[in-house]
Every structure is written in C-alpha cells, then in structure tokens.
Amino acid sequence: MSLDHAATKPHERLAAALADEMADVNALIRDRMASEHAPRIPEVTAHLVEAGGKRLRPMMTLAAAKLCGYEGPYHVHLAATVEFIHTATLLHDDVVDESEQRRGRPTANLLWDNTSSVLVGDYLFARSFQLMTETGSLDVLRILSNAAATIAEGEVLQLTAACDLATTEEIYLKVVRGKTAALFSAAMEVGGVIAGKDAAVVKALYDYGDALGVGFQIVDDLLDYAGTDATGKNIGDDFRERKLTLPVIKAIAKADEEERAFWVRTIAKGRQEDGDLETAIALMTKHDTLETTRLEALDWMETAKSALAPLPDHEIKTMLLDLADYVVARVR
C-alpha cells in the first residue's frame, strides 16, 4: 500500500536528522565494497546498495549512538557494518528464494548468476567483520557476530519449516527473531555500547530493535497478500514460494477439512494452479487472519515504543517512536 505523506514523514525526519552521518556511511560503504582484483564485487554490490531502500538498519545504529550522545567516529563504521551484513543476507536470500525482483529491480542473481551473488555476499560478510573490529570493542564484535550467526540460524530454521503445515506461530516467531529482528536489535544495541552507556540503556535499545524487527517482518509478510506492487514486492511471492508466514499459519489453524486440503495441495505438495492465490487470500479474509496479523504487528510496535520509556526525551527518541508507527502504517 503506498504511503501517504503523514506516514512517510517520520522516516524522512529521521533521514534528514542523520543526513550528514549517512553521507559518511555511504562513502565508507563505497570505499569498502571496492575490489582491486575482482570488479564483479563492486558491480553486484552497487546494484543492491545503490538501489534505494530505506536504510533503516544503519540509520538505527546512527540514531542510537546520537540518542546516547556519542561523539566519536565509530558509529559510522558500525552503521556500514550493519548495512553490509544486511546486503549480504539479501544476496543469499534471493538465491535461496529464486527471487527475480528486489526493491522494484531485477535481483543480482538474475542479472549475473547465483554463484556471483553467493560469493559477493560472502565477501560482504568478511568486510563487515573487518569494519567491526576497527572499533576496538570486543562487546561490539560479540553483539554483531552473534547477530550474524542468529540470522543464518533463522534462515536455516525457515528452510526446515518451509512447506510443513505443522509449523506453529511459535516457530514462525523464532524464524522472524532470527532472520530479521536479530539485526534490528544488534543495530540499536551497538549504538549504545559504542557510546559507553550502562546495561539498562543498552537493554532498552536492544528491546526496541527486537520488537521493531519482529513487527517489521510481520508487516512485510502481510504485504505479500495485502499490499500492492508499489511496495516493490511481487504480490503472492511468499505463496508461490510456499512460505508459511503468519497470515497463512493462522488460516491453516482455522481451516476446515476442505480448506486444509487446499493448503496441503498448494503449500505442502506445491501443486498450484491458476486462481489459487486468490483462493488463499479469500480464505485468509474469511478467517480474518490478515486483520489479526495486522493487529499483532501493532502490538509489537507498542512493545517497541514502551521499550524506549527509560531513555531521556530527545528529538531522535521521538523519531524512533514515530518510526514504529510508520512501519505498521504500510498496511493501514
């Protein structure tokens, strides 16, 4: 669903407040994605990094550091690290999912090949570790390396849960916490750590990122059925890829015998026919699972906003609170 001005305003305000720092991040990204011996690396990376996107994750690191009064140089390194980790996972995800579109453009694996996407993703992971070590903080290294491992674990869990109609909401949440929320929470957490804040502040930042990440992914999954092509996604991709996301899991839980046979055929066995996507959406509408999923995302955003309560008033805090509303506004 296209965003109206009121919905985009919080994100634009945050981007404007962090414009100078983000310019430094972008410059560092361009510098570190260069390769003297393998020109394919900057070609593939530039296609994705410079394709746009909201850059939420690196902005969250910059915002957390600024909120905590940090005045050193390393929040820029950490923001670039976060973006490299995110970009690497996108390159790998598109290969695994056999995707053909990302941010409204052809995916790197479609323009080049799967081998290039995987190897360049590996390169970006390696670059991210080089960047994070430059801060000289073992805590930063621990947080971001743990996040990288958790992301991979979440992706593998999603792979094993795929097409299995026994997948529960609990398993779905574990997948989401791994593949999405782990980087959101780490992005916020390292901003507080690099600023030398105490455990309570760092925990508040972590909790905000965790809840925001869960809500963000729930909304993203919801947009696959309730969004439009203007969101940069192909509507129904998750259904065609037989992914068990929250709206589908809720619909399967409420299915009668005939409906369950439909889900077995289309998801478990992968025998999809013309009109099946429309039938799937109709079943989700019948059982109100699109709306209950949206309400669940709203609950996560309220959790995110509550997490920031211990932090002092600051314009950045206000923007982060508004950002939580912005994420859910995509499906209002």
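Draft legend 1. Seen up close, helix 9 (residues 169-194). Given a rise of 1.5 Å per residue, 26 residues ought to cover 38 Å, and the 35 Å separating the end C-alpha atoms of helix 9 matches this to within 8%. Its axis deflected by about 55 degrees at Ala181, helix 9 carries its strongest bend there. Within helix 9, 20 of the 26 residues are buried, leaving the element largely enclosed by the surrounding structure.

Draft legend 2. Fine view of the pattern of salt bridges. Taken as a whole, this structure holds 19 salt bridges when the rule is applied. Taking the shortest distance from any N to any O, the salt bridge between Arg240 and Asp237 comes out at 3.2 Å. Within this pair, Arg240 and its partner Asp237 are both found in helix 11 (residues 237-240), separated by three residues, close to a single helical turn. The class for Arg240 is partly exposed, based on a relative accessible area of 43%.

Draft legend 3. The arrangement of the packing of helix 7 (residues 114-133) against helix 8 (residues 138-161) in detail. Remark: helix 7 packs on helix 8, axes separated minimally by 9 Å, with the N-to-C direction vectors making an angle of 160 degrees. As judged from the angle between their axes, helix 7 and helix 8 are roughly antiparallel. Our pair here, helix 7 against helix 8, has a crossing hand that is right-handed. Listed contacts from helix 8 to Phe125, Phe129, Met132 and Thr133 of helix 7 are Val140, Leu141, Leu144, Ser145 and Ala148. Partitioning the contact of helix 7 with helix 8 into residue classes produces seven nonpolar, two polar and no charged.

Draft legend 4. Up close: unusual backbone geometry. The phi dihedral of Arg242 is positive, around 60 degrees, even though this residue is not glycine. As for its position among the elements, Arg242 is in the loop between helix 11 and helix 12 (246-253). Classification of Arg242 by relative accessible area gives partly exposed; the value is 23%. Even without being a glycine, Asp288 presents a positive backbone phi close to 60 degrees. Looking at where Asp288 falls in the secondary structure, it is placed in the loop between helix 14 (276-286) and helix 15 (289-307). The partly exposed category is assigned to Asp288, whose relative accessible area is 41%.

Draft legend 5. Quick peek at the confidence of the model for the chain. Averaged over every residue, the pLDDT of the chain is 86; residues scoring 70 or more account for 86%. Confidence over residues 1-7 falls short of pLDDT 50; this stretch has 15 contacts with residues more than four positions distant or in other chains.

Draft legend 6. Examining the environment of Leu18 more closely. The residue Leu18 is located in the loop between helix 1 (5-17) and helix 2 (19-32) in this model. On a C-alpha basis, the gap between Leu18 and Met60 in space is 9.8 Å, while along the polypeptide they are 42 residues apart. Setting aside residues no more than four positions away along its own chain, Leu18 makes contact with Met59, Leu62, Ala63, Lys66 and Ile316.

Draft legend 7. Spotlight on the packing of aromatic side chains. Summed over all chains, the structure comprises three aromatic pairs. When the ring of Phe262 is compared with that of Trp263, the centres are 5.1 Å apart and the planes differ by 70 degrees; the resulting orientation is edge-to-face. A connected cluster of aromatic rings, assembled from ring pairs, spans Phe239, Phe262 and Trp263.

Draft legend 8. A look at the nonpolar core. By size, the foremost hydrophobic cluster in this structure holds 98 residues, and its most contacted members are Tyr208, Leu212, Trp263 and Leu320. Among the elements that make up this core, the one with the highest residue count is helix 10 (residues 199-226) (14 residues). Apart from the residues within four sequence positions on either side, Trp263 is in contact with Leu165, Phe239, Val248, Ala251, Ile252, Ala255, Ala268, Ala280 and Leu283.

Draft legend 9. Structural detail: the packing of helix 15 against helix 16 (residues 315-329). Remark: helix 15 packs on helix 16, axes separated minimally by 9 Å, with the N-to-C direction vectors making an angle of 170 degrees. Judged on the interaxial angle alone, helix 16 and helix 15 are roughly antiparallel. Mapping the contact onto sequence places Ala297, Leu298, Met301 and Lys305 in helix 15 and Leu321, Ala324, Asp325, Val327 and Val328 in helix 16. Partitioning the contact of helix 15 with helix 16 into residue classes produces seven nonpolar, no polar and two charged.

Calculation notes
Residues numbered from 1 in each chain as written. Predicted model: local features only at pLDDT ≥ 70, side-chain atom pairs only at ≥ 80, totals over all residues. Heavy atoms only, no water. Helix = DSSP H or I, 4+ residues; strand = E, 2+ residues; numbered from the N terminus. Expected span 1.5 Å × (residues − 1). Bend = angle between axes of the 7 residues up to and from the residue. Buried < 20%, exposed > 50% of the residue type's maximum accessible area, 1.4 Å probe, protein only. Salt bridge = Lys/Arg side-chain N within 4 Å of Asp/Glu carboxyl O. Axes fitted to C-alpha atoms, helices over the stretch in contact; angles between N-to-C directions. Parallel < 35°, antiparallel > 145°, perpendicular 65-115°, else oblique. Left-handed = near helix turned anticlockwise from the far one by under 90°. Contact = heavy atoms within 4.5 Å. Nonpolar A, V, L, I, M, F, W, Y, C, P; charged D, E, K, R; others polar. pLDDT = per-residue confidence, 0-100. Phe/Tyr/Trp six-rings, centres within 6.5 Å; stacked < 30°, edge-to-face > 60°. Core = buried A, V, L, I, M, F, W, Y, C linked by side-chain atoms within 4.5 Å.

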